[in-house]
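Coordinate inspection notes
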Amino acid sequence: MMMAPRQEYWRWAEGSWADPDRHWKDARVVTLGIDVGSVSSEAVVCLDGELYAFSTVRTAAGSVESAENAMKGVFERTGLRFDDIHYVVGTGYGRVNLPFAHKAITEIACHGRGANYMGGPSVRTILDMGGQDCKAIRVDERGKVTNFLMNDKCAAGTGRGMEVIADLLEVPIEELGPRSFDIDEEPAAVSDVCVVFAKSEAMARLKDGWSKNKVIAAYCRAMAERVAALLQRVGVEPEFFITGGISKNIGVVRRIEEIIGVKALPTPYDTQIAGALGAALFAHALYLKARGKPQAA
Amino acid sequence: MIAHYGYQDAEGEFFITIDTDRCGRCDGKPCVAACPRGVFTVEEDPYGDTVVAVDDRRRKRLRYECAGCKPAGDRPSLPCVRACPWGAMTHSW
Ligand code: SF4
Ligand code: SF4
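Residues numbered from 1 in each chain as written. Chains lettered and ligands numbered in written order. Predicted model: local features only at pLDDT ≥ 70, side-chain atom pairs only at ≥ 80, totals over all residues. Heavy atoms only, no water.

So, the overall build of chain A
Of regular secondary structure, chain A possesses 8 helices and 10 strands. The buried share of chain A, reckoned over its 297 residues, is 59%. In chain A, once contacts between residues fewer than 6 apart in sequence are set aside, the share between residues at least 24 apart is 69%. (Helix = DSSP H or I, 4+ residues; strand = E, 2+ residues; numbered from the N terminus. Buried < 20%, exposed > 50% of the residue type's maximum accessible area, 1.4 Å probe, protein only. Contact = heavy atoms within 4.5 Å.)

In structure tokens form, the structure reads like this:
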């Protein structure tokens, strides 16, 4: 008997985008930033220090393959070839393994720079909730990091933690946020956000008769409380900006805002690309510096 | 830059915090040699300063790396903190 393929409730859409009003052939400097993360990988192209195109793919088995997949997406979208790129910066956990990058820069610095571009120079506190880590970053008006913390030991507060819950409850990942508000009363947070224990706690709640939405709400609150504690360690100063895959989950974002008492800045950008965008912006500054036209790197 | 290296998990918060602006002008970086577990490395930060960081391989196990320096009961001052002439380092636990 043929088995129907198991649905992957955690899988988010891969994709690419390019600014339809610009063409890379008109630019003087074309730079590429590549962020190889534990769950997703992004490639961003900047033209003269402005965002032009990006692609985001799921991270493959190796860093190089992941970076190549992300680059392929952005090249197919724009018609660019690798030889057209002036400078490449790699970031993310796989950054040191990218042979085609001119330089590797930490994801903390790249996120600071990317969020400064997306949210503007008034951004002072950045929360990045990535696939397997969570970063709290303070920056100055130029996006230079002044204070940071990264928690990558525990999947709680990360995209991976949300994926586990989506899969367990058989709810598509993009529905988790809205459904977490479709409840009669806000439940207490699950007591343990460790993904291993949260799973068994969530199952116990379902057995007790809780609706899926209530379980989702309890998990979103637990993640928000955990992440807010990290933010408080670096100190929250407005403006506040959230990047990374979980920035799309309003169930977690609204609860964090409520706990810290500060609203996150809205942005038209896909904030999942913040690290790669920061890398492409660093690449632009480094290229100009190498050519004897220094800019703040 | 204030850098917090470490993690938070169900057991608590285990962070070493370093004010790296002070490392830039610290000759010899004595905290590195003072640590019996090789917790620290010297690196160039993205802004061109030579600073001390917690080694990538140790970040997720700081509680265990530092256990020898932190006996239960009366705790002596920590070798890394004692070695730092600029008061740039603190531990959260
Ligand atoms: S001794 Fe103190 S100031 Fe010097 S490098 Fe170490 S932490 Fe930095
Ligand atoms: S407490 Fe001991 S092991 Fe831990 S960083 Fe300091 S010197 Fe090294």
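From this point, things continue past the structure.
Brief notes about the site of ligand 1
The local shell around ligand 1 consists of Arg22, Cys23, Cys26, Lys29, Pro30, Cys31, Val52, Cys84, Pro85, Trp86, Ala88 and Met89 of chain B. Elements that contribute at least two residues to the shell around ligand 1 include exactly helix H1 (20–23) and helix H2 (30–34) of chain B. (Near = heavy atom within 4 Å.)

Overview of the interface of chain A and chain B
Counting from both sides, the interface comprises 22 residues of chain A and, opposite them, 16 residues of chain B. Carbon and sulfur atoms supply 54% of the area that chain A and chain B bury against each other, a total of about 1800 Å² over both sides. Connecting chain A to chain B are 1 salt bridge. Taken together, the links from chain A to chain B amount to 6 residue pairs in polar contact (both at pLDDT 80 or more). (Buried area = accessible area lost by both parts, 1.4 Å probe. Salt bridge = Lys/Arg side-chain N within 4 Å of Asp/Glu carboxyl O. Polar contact = N/O pair within 3.5 Å; in protein donor to acceptor, adjacent residues only side chain to side chain.)

A closer look at the sheet that holds strand E2 (residues 30–36) of chain A
All names here are of chain A. Spatially, E1-E4-E3-E2-E5-E6 is the arrangement adopted by the 6 strands of the open sheet, whose pairing is mixed. The open sheet has two edge strands, strand E1 (15–18) and strand E6 (103–104), and neither has a second partner. Of the strands in this sheet, E1, E2, strand E3 (40–47) and strand E4 (50–58) touch helix H1 (residues 63–78), which is tilted by about 130° from E4. Contacts from helix H8 (residues 274–290) reach E2, E3, E4, strand E5 (87–91) and E6 within the one sheet, and its direction differs from that of E2 by about 140°. (Pairing = 2+ DSSP bridges. Axes fitted to C-alpha atoms, helices over the stretch in contact; angles between N-to-C directions.)

Topic: the domain arrangement of chain A
All names here are of chain A. Entries for chain A in the domain assignment read domain 1 (16–114 + 272–290) and domain 2 (123–264). Here the C-alpha centre of domain 2 lies 27 Å away from the C-alpha centre of domain 1. Between domain 1 and domain 2, the residue contacts involve 11 residues of the former and 17 residues of the latter. For the pairing of domain 1 and domain 2, the buried interface totals around 1100 Å² over both sides, and the portion due to carbon and sulfur atoms is 65%. When the area that domain 1 buries against domain 2 is broken down by residue, the three leading residues are Ile108, His111 and Gln272, summing to 49%. (Domains from an automatic or database assignment.)

Thoughts on the sheet that holds strand E1 (residues 2–9) of chain B
Strand order in the open sheet formed by 7 strands is E10(A)-E7(A)-E8(A)-E9(A)-E1(B)-E2(B)-E5(B), with mixed pairing between adjacent strands. At either end of the open sheet lies a strand with only one pairing partner, and these are strand E10 (240–243) of chain A together with strand E5 (89–91) of chain B. Adjacent strand axes in the sheet meet at a mean angle of 10°, parallel and antiparallel pairs treated alike.

Details of the packing of aromatic side chains
Think of a pair of aromatic rings as described by two things: how far the centres are apart, and how the planes are tilted against each other in angle. All chains considered together, the criterion is met by 6 aromatic pairs over all chains. Relative to tyrosine 5 of chain B, the ring of phenylalanine 148 of chain A has its centre 5.6 Å away and its plane inclined at 85°; by these criteria the two rings are edge-to-face. Residue phenylalanine 148 of chain A is located in strand E9 (residues 145–151), and its partner tyrosine 5 of chain B is located in strand E1; the two belong to separate chains. Look at phenylalanine 148 of chain A and you get buried, because its relative accessible area is 7%. (Phe/Tyr/Trp six-rings, centres within 6.5 Å; stacked < 30°, edge-to-face > 60°.)

With respect to the site of ligand 2
Around ligand 2, a shell composed of Cys35, Pro36, Arg37, Val39, Phe40, Glu65, Cys66, Cys69, Pro79, Cys80 and His91 of chain B is seen. When its residues are assigned to classes, the shell around ligand 2 shows 8 nonpolar, 1 polar and 2 charged. (Nonpolar A, V, L, I, M, F, W, Y, C, P; charged D, E, K, R; others polar.)

A few points about helix H2 (residues 107–119) of chain A
In an α-helix there are 3.6 residues to a turn, and that puts residues three or four apart on one side. Residue and element names in this part refer to chain A. The terminal C-alpha atoms of H2 lie 17 Å apart, and with 13 residues this matches the ideal 18 Å at 1.5 Å per residue to within 8%. Counting buried residues in H2 gives 12 out of 13 residues, a clear majority hidden from the surface. Taken together, the buried positions of H2 are Glu107, Ile108, Ala109, Cys110, His111, Gly112, Arg113, Gly114, Ala115, Asn116, Met118 and Gly119. (Expected span 1.5 Å × (residues − 1).)

Comments concerning the side chain of threonine 78 of chain A
Looking at the secondary structure, you find threonine 78 of chain A in helix H1. Look past the residues within four positions of threonine 78 of chain A in its chain and what remains in contact with it is Ala18, Trp24, Tyr52 and Ala53 of chain A.

Structural notes on the pairing of E3 of chain A
Residue and element names in this part refer to chain A. Counting buried positions along E3 yields 8 of 8 residues, so the element is predominantly enclosed. In E3, alternate side chains face the same way, and those of Ser40, Glu42, Val44 and Cys46 on one face and Ser41, Ala43, Val45 and Leu47 on the other are all buried. Of the strand pairs in this sheet, E2 and E3 are connected by 7 bridges, and their pairing is antiparallel. Among the inter-strand pairings, valine 36 is bridged to a residue of E3, identified as serine 41. Linking E2 back to E3 in an antiparallel pair, the connection comprises 3 residues. Two strands pair when backbone bridges link them, and E3 and E4 are joined in this way by 8 bridges, in the antiparallel orientation. By the bridge assignment, cysteine 46 is partnered in E4 with leucine 51. Taking the residues between adjacent antiparallel strands as the criterion, E3 and E4 are bridged by 2 residues, where aspartate 48 takes a positive phi near 50°.

Notes on the pattern of salt bridges
Between side chains of opposite charge, a pair can form when the charged atoms approach closely. Residue and element names in this part refer to chain A. Enumeration over the complete set of coordinates arrives at 23 salt bridges over all chains. The partner of glutamate 225 in a salt bridge is arginine 221, with the nearest N and O atoms 4.0 Å apart. One end of the pair is glutamate 225 and the other is arginine 221, both in helix H6 (residues 212–234) and 4 residues apart, which spans about a single turn. Relative accessible area serves as the criterion here: at 40%, glutamate 225 is assigned to the partly exposed category. Shared partners join several salt bridges into a network, and the residues in it are Glu186, Arg221, Glu225, Arg255 and Glu258.

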